[in-house]
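A structural walkthrough
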Amino acid sequence: PRSAAGFFYRTTLNVLSAGFLFGVLGMFVVFFGLWFYGRNLPDYQKLAAYEPPIVSRVYAADGRHIGEFASEKRIFVPFASIPKRVSNAFIAAEDQRFFSHPGIDVFGIARAVRNNFTGGGKLQGGSTITQQVAKNFFFSSEQRFERKVKEMILSFRIERAYTKEKILELYLNQIFLGRQAYGVAAAAQIYFDKSLDQLTVAETAFL
């Protein structure tokens, strides 16, 4: 009995020691990764001075609208003027825990990993709206591990610097929605010839 108890004690001690060492090693790897990939990241503070290119409209002498010129059709709309159902629709579709996560959604990433292993279809990334802002403004769409890690680190920094409403405003005015439409307001006009506050629930869901 004594030898069995001693063996159990030594085994437990070894397991705990190994777990502690792996934990310390894991923390070292995480902190080293944050330092290594967090160097020389784009200046997220530039988002505070966001001035997107918008549509140039041409009018006749009598006030008639006769044409538009733009490489990116965009109509900037401040967050306060974006209808709640529009912002809620994008949150529901893209990032349901947007107002509670710190920039990345651990549950969303876990779900994407599970679906990628079991679904066999298109790969999912589990990106939050904040990560999409980081990617759309500062990175390319190239699916590389390094880019993804930098995107996550930058998302944490963006979340600390700006309110959720500001981040959502950037996202809803920058997102590409097809047919040269950048932002929800331009998409509403291009697809439905309406302003945002005129969209029905079905039209909002379509966007």
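This write-up is about the structure you can find in this document. (Residues numbered from 1 in each chain as written. Predicted model: local features only at pLDDT ≥ 70, side-chain atom pairs only at ≥ 80, totals over all residues. Heavy atoms only, no water.)

All right, on to the pattern of salt bridges then. Per the stated rule, a full pass over the model turns up 7 salt bridges. Residue glutamate 146 pairs with lysine 150 through a salt bridge whose shortest N-O separation is 3.1 Å. Of this pair, glutamate 146 and lysine 150 both sit in helix 5 (residues 145-161), 4 residues apart, which is roughly one turn of that helix. On the basis of relative accessibility, which here comes to 22%, the residue lysine 150 falls in the partly exposed class. Linked by salt bridges that have partners in common, Arg147, Lys148 and Glu151 make up one network. (Salt bridge = Lys/Arg side-chain N within 4 Å of Asp/Glu carboxyl O. Helix = DSSP H or I, 4+ residues; strand = E, 2+ residues; numbered from the N terminus. Buried < 20%, exposed > 50% of the residue type's maximum accessible area, 1.4 Å probe, protein only.)

The next point concerns helix 2 (residues 84-94). The periodicity of an α-helix, 3.6 residues per turn, causes residues three or four positions apart to be oriented the same way. All buried positions along helix 2 are accounted for by Val86, Ser87, Phe90 and Ile91. Take helix 2 and look down its axis: the buried residues cluster within an arc of 130°, on one side only. Seen from the buried face of helix 2, the exposed residues on the opposite side, beyond 90 degrees, are Lys84 and Ala93. Buried residues along helix 2 sit against helix 4 (129-138), helix 6 (164-174), helix 7 (184-192) and helix 8 (201-206). (Arc of directions from axis to C-beta. Contact = heavy atoms within 4.5 Å.)

Tallied over the full model, the rule gives 9 aromatic pairs. Ring centres of phenylalanine 137 and phenylalanine 138 lie 6.4 Å apart, and the angle between their planes is 45°; on these two criteria the pair is classed as tilted. The partly exposed category is assigned to phenylalanine 137, whose relative accessible area is 22%. Here tyrosine 191 and phenylalanine 192 contribute two aromatic rings whose centre-to-centre distance is 6.5 Å and whose plane-to-plane angle is 50°, an arrangement assigned as tilted. On the basis of relative accessibility, which here comes to 25%, the residue tyrosine 191 falls in the partly exposed class. Residue phenylalanine 192 is classed as partly exposed on the basis of its relative accessible area of 24%. Ring pairing ties together the aromatic residues Tyr50, Phe76, Phe137 and Phe138, which thus form one cluster. The ring of phenylalanine 98 carries the charged tip of lysine 164 above its face, separated from the ring centre by 4.6 Å. (Phe/Tyr/Trp six-rings, centres within 6.5 Å; stacked < 30°, edge-to-face > 60°. Lys NZ or Arg CZ within 6 Å of the ring centre and 35° of its normal.)

Looking now at the nonpolar core. Judged by nonpolar contacts, the single largest core of 36 residues is most densely connected at Phe90, Ile158, Leu168, Tyr171 and Leu196. Mapped by element, the contributors of at least two residues to this core are helix 2, helix 4, helix 5, helix 6 and helix 7. Beyond its immediate stretch of four places on either side in the chain, tyrosine 171 contacts Phe90, Glu94, Ile129, Gln132 and Val133. (Core = buried A, V, L, I, M, F, W, Y, C linked by side-chain atoms within 4.5 Å.)

Below, the discussion takes up helix 6. Within helix 6, 9 of the 11 residues are buried, which leaves the element mostly enclosed by the surrounding structure. Restricting attention to buried positions, one finds in helix 6 the residues Lys164, Ile167, Leu168, Glu169, Leu170, Tyr171, Leu172, Asn173 and Gln174. Lining the buried residues of helix 6 we find helix 2, helix 4, helix 5 and helix 7.

Helix packing geometry: the angle between the two helix axes and the distance between the axes. The N-to-C vectors of helix 4 and helix 5 enclose an angle of 110°; their axes lie 8 Å apart at closest approach. With respect to each other, helix 4 and helix 5 are oriented roughly perpendicular. Handedness of the helix 4/helix 5 crossing: right-handed. Residues Thr130, Gln131, Ala134, Lys135 and Phe138 of helix 4 pack against Arg147, Lys148, Glu151, Met152, Leu154, Ser155, Ile158 and Glu159 of helix 5. (Axes fitted to C-alpha atoms, helices over the stretch in contact; angles between N-to-C directions. Parallel < 35°, antiparallel > 145°, perpendicular 65-115°, else oblique. Left-handed = near helix turned anticlockwise from the far one by under 90°.)

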